[in-house]
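So you can see what is in the structure, the chains are spelled out below.
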Amino acid sequence: MLRSKGLFWKIFLGLVFAAQVFASTADLAGKYLDKANEAYEDGNVADAYKYINQAMTLTKQDGIPANIIYVAQSIYTKKLQTIRKTKNYIELVDVKSGIEQFPDVENSTIKKLTAQIEAEAQQAKDDQQKAQMNAQLEEQKAARADEREQFEQQQETIKQQQEDTRRNQLELINKLDTGMQNLNSGLTESARESKKTSSVMMIAIFVIAGLVIIIVLIIVAIVHAGFKHQRVQQQQYVEAFKLLAQNQNQTNRLMLGGVTDLYGSTGLKSAGSSRWGVDALPEPEETPEEKVEMRDLAAKCEDLGAKIDQATNRKNNSKNVSELVYKLAMALGLRQRDAMVFFCASMVYDAGFLGVKPELLSAETLTDEEREQLKHHIDMADEYLQFVPKRYWQVFEDAANKHHENMDGSGYPDGLTGDAIPQIARLIRVAESYISLSSRRSYREINDKETAITKLKEESNIYDSDVVAALESII
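Quick look at the structure, then.

## Quick look at the overall build of the protein chain
Alright, step 1. Assigned secondary structure in the protein chain consists of 15 helices and 0 strands.
Alright, step 2. Residue burial in the protein chain is summarised as follows: out of 475 residues, 33% are buried.
Alright, step 3. In the protein chain, the share of contacts with a sequence separation of at least 24, taken over all contacts with a separation of at least 6, comes to 69%.

## Side note on the pattern of salt bridges
Between side chains of opposite charge, a pair can form when the charged atoms approach closely.
Alright, step 1. What the rule picks out here adds up to 19 salt bridges.
Alright, step 2. A salt bridge links E290 to R391; its shortest N-O distance comes to 3.4 Å. Taken together, the residues E290 in helix α7 (residues 288–312) and R391 in the loop between α11 (368–375) and α12 (393–402) connect sequence positions 101 residues apart.
Alright, step 3. A salt bridge links K402 to D414, with the shortest nitrogen-to-oxygen separation between them at 3.8 Å. A residue pair is termed long-range when its members are at least 10 positions apart, and K402 in helix α12 and D414 in the loop between α12 and α13 (423–437) qualify at 12 residues.
Alright, step 4. Among the residues examined, K402 registers a relative accessible area of 17% and is labelled buried.
Alright, step 5. A network of salt bridges, in which partner residues are shared, links K112, D382 and E397.

## What about helix α4 (residues 91–101)?
Alright, step 1. Among the residues making up α4, those that are buried are L92, V95, G98 and I99. All buried residues of α4 fall inside an arc of 120 degrees around its axis, so they share one side. Of the exposed residues in α4, the ones pointing more than 90 degrees away from its buried face are V93 and E100.

## Concerning unusual backbone geometry
Alright, step 1. The omega torsion across Y412 and P413 is 15 degrees, close enough to zero to call that bond cis.
Alright, step 2. As for its position among the elements, P413 is in the loop between α12 and α13.
Alright, step 3. Despite not being glycine, K87 shows a phi value in the positive range, around 60 degrees.
Alright, step 4. For K87, the position within the fold is in the loop between α3 (66–86) and α4.
Alright, step 5. By relative accessible area, which is 49% here, K87 ends up partly exposed.

## Some thoughts on the nonpolar core
Alright, step 1. Counting residues in each nonpolar core, the largest one holds 52 residues, and the members touching the most others are L385, F396 and L427.
Alright, step 2. Taken together, the elements giving at least two residues each to this core come down to α7, α8 (317–331), α9 (336–347), α12, α13, α14 (449–458) and α15 (465–474).
Alright, step 3. Not counting chain neighbours up to four residues away, the residues in contact with L427 comprise W276, V325, L328, A329, L332, F342 and V467.

## Observations concerning α8
Alright, step 1. For α8, with 15 residues, the first-to-last C-alpha span of 21 Å sits near the 21 Å given by 1.5 Å per residue.
Alright, step 2. Among all positions of α8, only N317, S318, V321, S322, L324, V325, Y326, L328, A329 and M330 are buried.
Alright, step 3. Against the buried residues of α8 lie α7, α9, α13 and α15.
Alright, step 4. Backbone geometry just after α8 places G333 at a positive phi near 95 degrees.

## Description of a nonpolar patch on the surface
Alright, step 1. On the surface, V207, L211, I214 and I218 cluster together into a nonpolar patch covering about 300 Å² of accessible area.
Alright, step 2. Mapped onto the elements of the fold, I218 is located in helix α6 (residues 198–256).
Alright, step 3. The partly exposed category is assigned to I218, whose relative accessible area is 39%.

## Description of the side chain of E397
Alright, step 1. Of note, E397 is situated in helix α12.
Alright, step 2. Other than its neighbours up to four places away in sequence, E397 contacts K112, D382 and K402.

## Focus on the side chain of E405
Alright, step 1. Note that E405 resides in the loop between α12 and α13.
Alright, step 2. Although E405 is buried, it makes no salt bridge; K402 carries the closest opposite charge, 6.1 Å away.
Alright, step 3. Here the side chain of E405 touches G415 through a polar contact of 3.1 Å, landing on its backbone nitrogen.
Alright, step 4. When sequence neighbours within four positions are dropped, the list of residues in contact with E405 reads G411, Y412, P413, D414, G415, L416, I421, R429 and I462.

Criteria and thresholds
- Residues numbered from 1 in each chain as written.
- Predicted model: local features only at pLDDT ≥ 70, side-chain atom pairs only at ≥ 80, totals over all residues.
- Heavy atoms only, no water.
- Helix = DSSP H or I, 4+ residues; strand = E, 2+ residues; numbered from the N terminus.
- Buried < 20%, exposed > 50% of the residue type's maximum accessible area, 1.4 Å probe, protein only.
- Contact = heavy atoms within 4.5 Å.
- Salt bridge = Lys/Arg side-chain N within 4 Å of Asp/Glu carboxyl O.
- Arc of directions from axis to C-beta.
- Core = buried A, V, L, I, M, F, W, Y, C linked by side-chain atoms within 4.5 Å.
- Expected span 1.5 Å × (residues − 1).
- Patch = residues over 30% accessible without salt bridge, like charges linked within 9 Å, V, L, I, M, F, W, Y side chains within 5 Å.
- Areas by Shrake-Rupley, 256 points an atom, 1.4 Å probe, with all protein chains shown as cover.
- Lys, Arg positive; Asp, Glu negative; His and termini not counted.
- Polar contact = N/O pair within 3.5 Å; in protein donor to acceptor, adjacent residues only side chain to side chain.

Below, the structure is given as structure tokens:
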């Protein structure tokens, strides 16, 4: 009996102690929550982030309360916005660690901000690498310029040496001619004076002949040496020129990067002129890096488009819509590069369908509630488009989120009207509807091309009449 009473008191005291610890922990977590709220209201995001993590750590074992989760989501969102604004991407590692430790904090906004910051950090890293590569190219160009200057100085020296050699040869020949004339004059005078003695004359003749032979041999030797020296200098000139040409070719290959033109050599230009066109401005020339970037973007969009077509059971829909959008953009006067970006965005405009349940996509009939669920595919595209470079993001976002807008404002999600609807969305709206009308579907019969265009014309409240007119001109 005494043992039972002793055990009872031990259990009772243990429960009391546990209750006191739990109350103490809850009270401490509440204090950290209050400090986090105060710091957040004062704009001190760093302290707010620190205090809310401490509050969640204290309550994690028994389940973090909803009020702490709500405050944590606001603070984490503000923290991510601050990182994105200040571009201090190193702090993102700490935030991602916090999300892994407290997974209940993560919501769609935090997930989207995290993905955008990672994309911007990668873009910043790529830009830094490009800047370094451009700096290296400039240094190499400067080195090539120095080599060319040295080469030109060397050639100038060679030319000067050749000129000096010719001048020396001419001076020597002139001196020899003068000496010969003086010698002939002297010998003639001597011959006149020594006509009396035939032996003296014969000696003079032999002397003259010997001198003439010697002079001729000297002249031949000088001329031969001059030609030999000139051939050597000319060979040096040719070798130096080959070296310069080789260095120049290496520089050109380095600057071009071996990139092949993505668009071929057709030289497509904008056709026509309208509120869509930009004919007044010349199209900027693409850099090799931009061509590589566009080629990689097109390849990734093609792969994602094939997955979308497989999920929606629409064979070649991405390919057909994107090709038609490209042709319409060119017919409406857009620059070829803009048309190419539209082409890529049109391959993945329905990426949100990858987030929809497969059974909903394959259902033959849909309830009103299911139709509403299906409309929300436009809100789920962002997470599948994180590979898109930052400068093209707006086009891809407009393509994915606005392609169900109508010209009279009856579309969704924003009820935009007229030119307020982005160009890419208006192009996809017409291209997708035309392909749908002119292709066989399980719920209707196929239409010929003329009938399909006529139906689009009749619904000018939905489709941009300029785009429909351009479609009619190219079909």
